[in-house]
Amino acid sequence: MTTERLSSFMLSSSQWFRGQLPMSIADNRSHIAPDAFEWDAIAPSKHLEWSSCYGDFQCARLQVPMDWLGTSSEAESTVEVAVVKVEATVPVTDPSYGGAVVLNPGGPGGSGVRQVLLGGHHVRTILSAGQQVDAGEAETDGYHFDVIGFDPRGINNTRPLLACSPNHLEAAVTAIEDAAHGIIGSSDTSFDYLWASKRAVAESCSKRGAEEGIAKHMATASVARDIVEIFERHGEWREKEALRLLSKDGGITTEERQAIVERTKHQPDNEKVQYWGFSYGSILGATLSALFPDHIRRAVLDGVCDSPDYMAGGWTTNLQDTDLVLARLAEYCWDGGADKCAIWHEDGPAVIIENVQRTISNLRTAPISVAGGSTSGPAAVTYNDLRRLFREIVYWPLSDFPMTARILHDLSKRNGTSLAAWTHDQRPDIGKPLSEQCLKDGPYSPSCFPNGNADGASSGIACSDGPGDRLTQSKEDYMHYANSLIAQSSLIGASWAEIQIPCTAWQAHAHWRYEGDFRNKIAHPILFAGNTIDPVTPLRNAFTMAKGFEGAGVLHQDSEGHCTYSGLSMCSMKAIRRYFQTGELPGKKAGLRELDGWDGVGMLCETDRKPFDGYERNGNVPELPEGETDEALWDALVGLNRVWP
């Protein structure tokens, strides 16, 4: 669920994809400048009117009702949803055109626009027709898809924008101060400070957002309805685009023309949704499927959250497997050998873990001084800094374990340089002064956030989805709740416990909140996907959620990390591609009996690379795995692993 690495669930705005639940893509890894296109230059429309943007992308601003129920004081207000598209490699008139697939990165509050700008071309390759889709499996030799991302209500390029700080500088100051006081348990006063600070921000932000209207209409139910509208308007566009292309093509027969017209005709109120959601995006997808079951054509929910627990404001079923990641670090280190793992020890994984625990314990009581360098000043690295590192690396073991081993090795030698460098890189960018447009538009305006990362997005959604009785929760009761999460995970429980603090002071009440049981019969079965050890969305959630949706299947990827793209598995991507191409769930009936009472379709997929096997996120694309022939799919999978997040 994925603030910008605030704590993949409730990210701070900069952590939007990697974050708490899981949820976000780091801006500094994008080759596309986030401010390279002026969204406000596009006129909002009730139709999808596409404009060229960011090179070969298409952008639109879709105007939708702020209140889909039409029963609030905002019944006449609108939201302008920022939508971006990677176009299919075939025109809509081609029989192999498969329509659009909408993505959601998680968060809550992750930017789908950034997600597609970074990885949309890779997703198009993964989902569209490839070598394993043979003639006859589908109506054509395979389908080709548009890939669409959007910024949810109150987020990034969508208007109105919910901002909890007057501008990006004030937001950066708050983030720096919070980091300086430390995660819960870092000191005797860290929780007291966070309780006061986060509640102060939440109370003022929610009251202002409620007055403006948007904070009352950010709950997941409204966003799910927005997705239905995106597909409704896409169907409208598809018909118009087909007629436009046909008007220029005089070389086809009357029968061919009629077939194209019938195939591309808009189906009012009956356009089908194709969706791939990650982390919190699985909650959005489950809500979408529960509310609008007849609209689902394809839905992959990847990195599965326990949606009922989330909607109850619990966040208590996320961390059961988190600390197993540290054990896997030692095991993979041992397998990798001394030349690839800096903390390798000849006596095996148990001793490696003992040494790591000793390093952690030493840093807890004795911070390390680090001399200043050419790009950063002198610093002291602390146990809190190491906990922040663990909070990040559990999401991406394949790419981050080698770096983590190097940092732990350095710390064991009382050398804090590498950890200080990592910590320095996590600081908010405060280099840009306030723009003239910000000074003109005033505080809290979109122009005061040059990268679109206004804070408040995660709280605006998560606090809206949860119950309103959290406003009566006392500080003592909340600390009891925090301790229960810390008991679940020594690695990230304390940072996870920060997520719900704003909801104890969030004053905006959601006008439309889903309160169902996430059970329904869907027009087409859902595919749930999870990893063996996911740090914030345990595999068991996939099976639990699958039981609520008739005919659902589970794809189990045998890897560590958050969501399938954190690993490299040709097996998984082939299964997901086949599902979008043909509707076929991977595996067989009762293929995976992970939980009592679940006897659906399931499949286990191995990965093609392991931590410490020489894979480097920034190196050359590794060779195609033995026995594989689809180089385009492999390149896309590796590319996605490198840009998300």
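Reading the values: the criteria
Here, residues in each chain are numbered from 1, in the same order as that chain's written sequence. The predicted nature of this model means local features are confined to residues of pLDDT at least 70 and side-chain atom pairs, given and counted, to a pLDDT of 80 or more, with totals for whole chains, interfaces and linings taken over all residues. By convention in this description, side-chain values take in all heavy atoms of the structure and omit both hydrogens and water. Under the scheme used here, helices are H or I runs from DSSP no shorter than 4 residues and strands are E runs no shorter than 2 residues, and both carry numbers assigned from the N terminus. Between buried and exposed lies partly exposed: a residue is buried under 20% and exposed over 50% of the maximum accessible area for its type, with that area taken using a 1.4 Å probe on protein chains only. Using the Shrake-Rupley algorithm and a 1.4 Å probe, accessible areas are obtained, with residue cover drawn only from the displayed protein chains. Only four residue types enter the tally: Lys and Arg on the positive side, Asp and Glu on the negative side, with His and both chain ends excluded. Lysine's charge is taken at NZ, arginine's at CZ, aspartate's at CG and glutamate's at CD. Paired rings are identified among Phe, Tyr and Trp, the last through its six-membered ring, by centres lying within 6.5 Å, and are further divided according to the angle between planes into stacked (under 30 degrees), edge-to-face (over 60) and tilted (the rest). UniProt positions are given in the numbering used here, feature names are shortened, and annotations may be inferred rather than shown by experiment. Think of a nonpolar core as a cluster: buried Ala, Val, Leu, Ile, Met, Phe, Trp, Tyr and Cys residues, connected wherever their side-chain atoms sit within 4.5 Å. Contacts are residue-level and defined by heavy atoms, with any inter-residue pair within 4.5 Å sufficient. Working convention: axes come from line fits to C-alpha atoms, limited for helices to the stretch in contact. Angles between N-to-C directions cover 0 to 180 degrees. Each crossing gets its hand from how the near helix is turned against the far one by less than a right angle, where anticlockwise is left-handed and clockwise is right-handed. Each residue is assigned to one class: nonpolar for Ala, Val, Leu, Ile, Met, Phe, Trp, Tyr, Cys and Pro, charged for Asp, Glu, Lys and Arg, and polar for all the others, Gly among them. Here the angle decides the label: under 35 degrees means roughly parallel, over 145 means roughly antiparallel, 65 to 115 means roughly perpendicular, and every other value means oblique. By this rule, a helix spans an expected 1.5 Å times one less than how many residues it contains. Starting at the helix axis, one direction is taken to each C-beta atom, and the arc is that of these directions. Here a polar contact is recorded for every N or O atom pair within 3.5 Å, except that within protein the pair must consist of a potential hydrogen donor and a potential acceptor, and residues adjacent in sequence are included only if both atoms are side-chain atoms. For two strands to pair, DSSP has to find at least two bridges joining them. Looking down the strands as they point away from you, a crossover is right-handed if its path from the first strand over the helix to the second goes clockwise. Whenever Lys or Arg places a side-chain nitrogen within 4 Å of a carboxyl oxygen from Asp or Glu, that contact is recorded as a salt bridge.

Draft legend 1. Looking closely at the overall build of the protein. Helix and strand counts for the protein stand at 19 helices and 13 strands. Once the C-alpha set of the protein is aligned to its principal axes, its extents read approximately 80 × 60 × 50 Å. Here the protein holds 645 residues, and the buried ones make up 60% of them. As displayed, the protein offers around 24,500 Å² of accessible surface, 48% of which is attributable to carbon and sulfur atoms. Taking the average place of the 57 positive charges on the side chains of the protein and the average place of its 85 negative ones, the gap between the two points comes to 1 Å.

Draft legend 2. View of the packing of aromatic side chains. Considering all chains together, one arrives at 22 aromatic pairs under this definition. Where Phe401 meets Phe612, the ring centres are 6.3 Å apart and the plane angle is 25 degrees; that geometry is what we call stacked. With Phe401 in helix H11 (residues 397-412) and Phe612 in the loop between strand E13 (601-605) and helix H19 (631-643), this pair connects stretches of sequence that are 211 residues apart. For Phe401, a relative accessible area of 0% puts it in the buried group. Measuring from ring centre to ring centre gives 5.7 Å for Tyr579 and Phe580, while their planes differ by 80 degrees; the resulting arrangement is edge-to-face. The burial state of Tyr579 is the same as that of Phe580; both residues are buried.

Draft legend 3. Quick peek at helix H17 (residues 539-546). The buried count for H17 comes to six of eight residues, which makes it a mostly enclosed element. Along H17, the residues that are buried comprise Leu539, Asn541, Ala542, Phe543, Met545 and Ala546.

Draft legend 4. Main features of the UniProt feature "domain: Peptidase S33 tripeptidyl aminopeptidase-like C-terminal" (unreviewed entry) in the protein. UniProt records the feature "domain: Peptidase S33 tripeptidyl aminopeptidase-like C-terminal" (unreviewed entry) at residues 490-588, using the numbering of this structure. Taken as a whole, residues 490-588 contains 25% helix and 16% strand, while its terminal C-alpha atoms sit 37 Å from one another.

Draft legend 5. Main features of the nonpolar core. Judged by nonpolar contacts, the single largest core of 177 residues is most densely connected at Trp276, Phe528 and Phe549. With 10 residues, helix H4 (residues 220-247) is the largest single contributor of residues to this core. Here Phe549 is in contact with Ala286, Ser289, Ala290, Phe518, Arg519, Asn520, Ile522, Ile526 and Phe528, once residues within four sequence places are set aside. If you look at the next biggest cluster of nonpolar residues, it comprises six residues, including Leu161, Cys438, Cys448 and Phe449.

Draft legend 6. Inspection of the packing of helix H3 (residues 190-212) against helix H15 (residues 475-488) at higher detail. Viewed as axis vectors pointing N to C, H3 and H15 meet at an angle of 115 degrees, and their least axial separation amounts to 12 Å. In this structure, H3 meets H15 at a crossing whose hand is right-handed. Residue-level inspection shows Phe191, Asp192 and Trp195 of H3 in contact with H15, the latter providing Lys475, Tyr478 and Met479. Residue composition of the contact of H3 with H15, by class: four nonpolar, no polar and two charged.

Draft legend 7. Spatial organisation of the packing of helix H8 (residues 324-336) against H11. Orientation of H8 relative to H11, taken along the N-to-C sense of each, is 80 degrees, at an axis distance of 11 Å. In this view, H8 runs roughly perpendicular relative to H11, as classed from their interaxial angle. Of H11, the residues touching H8 (which contributes Val325, Arg328, Leu329 and Tyr332) are Pro397, Phe401, Thr404 and Leu408. Looking at the contact of H8 with H11, its residues break down into six nonpolar, one polar and one charged.

Draft legend 8. Quick peek at helix H2 (residues 168-181). Across its 14 residues, H2 extends 20 Å between first and last C-alpha, which sits within 8% of the 20 Å expected from 1.5 Å per residue. Buried residues of H2: His168, Ala171, Ala172 and Asp178, and no others. For H2, the buried positions fall inside an angular range of 130 degrees around the axis, keeping them on one side. If you follow the buried residues of H2, they end up packed against H3. Two to three positions downstream of the cap, the backbone nitrogen of Leu169 sits 3.0 Å from a side-chain oxygen, assigning the N-cap of H2 to Asn167.

Draft legend 9. Inspection of the pairing of strand E7 (residues 296-302) at higher detail. For E7, the buried fraction is high: six of the seven residues fall into the buried class. Inspection of the sheet shows strand E6 (residues 273-278) paired to E7 by six bridges, in the parallel sense. Paired with Tyr275 across the bridge in E7 is Ala299. Crossover handedness for the path E6 to helix H6 (residues 280-291) to E7: right-handed.

Draft legend 10. Broad picture of the environment of Gly250. With respect to the secondary-structure elements, Gly250 resides in the loop between H4 and helix H5 (254-264). Between the C-alpha atom of Gly250 and that of Ser447, which follows or precedes it by 197 residues, the distance is 48 Å.

Draft legend 11. Fine view of the pattern of salt bridges. By the definition in use, this model includes 20 salt bridges. Note that Lys340 and Asp339 form a salt bridge whose closest N and O atoms lie 3.8 Å from each other. Among the salt bridges present, the one from Arg577 reaches Asp630, with a minimum N-O distance of 3.1 Å. In this pair, Arg577 sits in helix H18 (residues 570-582) while Asp630 sits in the loop between E13 and H19, placing the two residues 53 residues apart along the sequence. The pair formed by Arg577 and Asp630 is uniform in burial state, with each residue classed as buried. Salt bridges sharing partners connect three or more residues here, namely Arg225, Glu229, Arg233 and Glu236.

Draft legend 12. Spotlight on the sheet that holds E13. The strand order across the open sheet built from 11 strands is E1-E2-E3-E5-E4-E6-E7-E10-E11-E13-E12, with neighbouring strands paired in mixed fashion. The open sheet has two edge strands, strand E1 (51-53) and strand E12 (588-589), and neither has a second partner. Here strand E11 (residues 553-560) pairs with E13 via five bridges, running parallel. Each residue of the ladder has a partner; that of Leu555, found in E13, is Met603. Of the strands in this sheet, strand E4 (97-104), E6 and E7 are in contact with H6, which crosses E6 at around 150 degrees.

Draft legend 13. A look at unusual backbone geometry. With an omega dihedral of -5 degrees, the bond running from Gly107 to Pro108 counts as a cis peptide bond. Residue placement: Pro108 occurs in the loop between E4 and helix H1 (112-127). Following Arg159, the chain continues into Pro160 via a peptide bond in cis, with omega recorded as 0 degrees. Here Pro160 is to be found in the loop between strand E5 (144-150) and H2.

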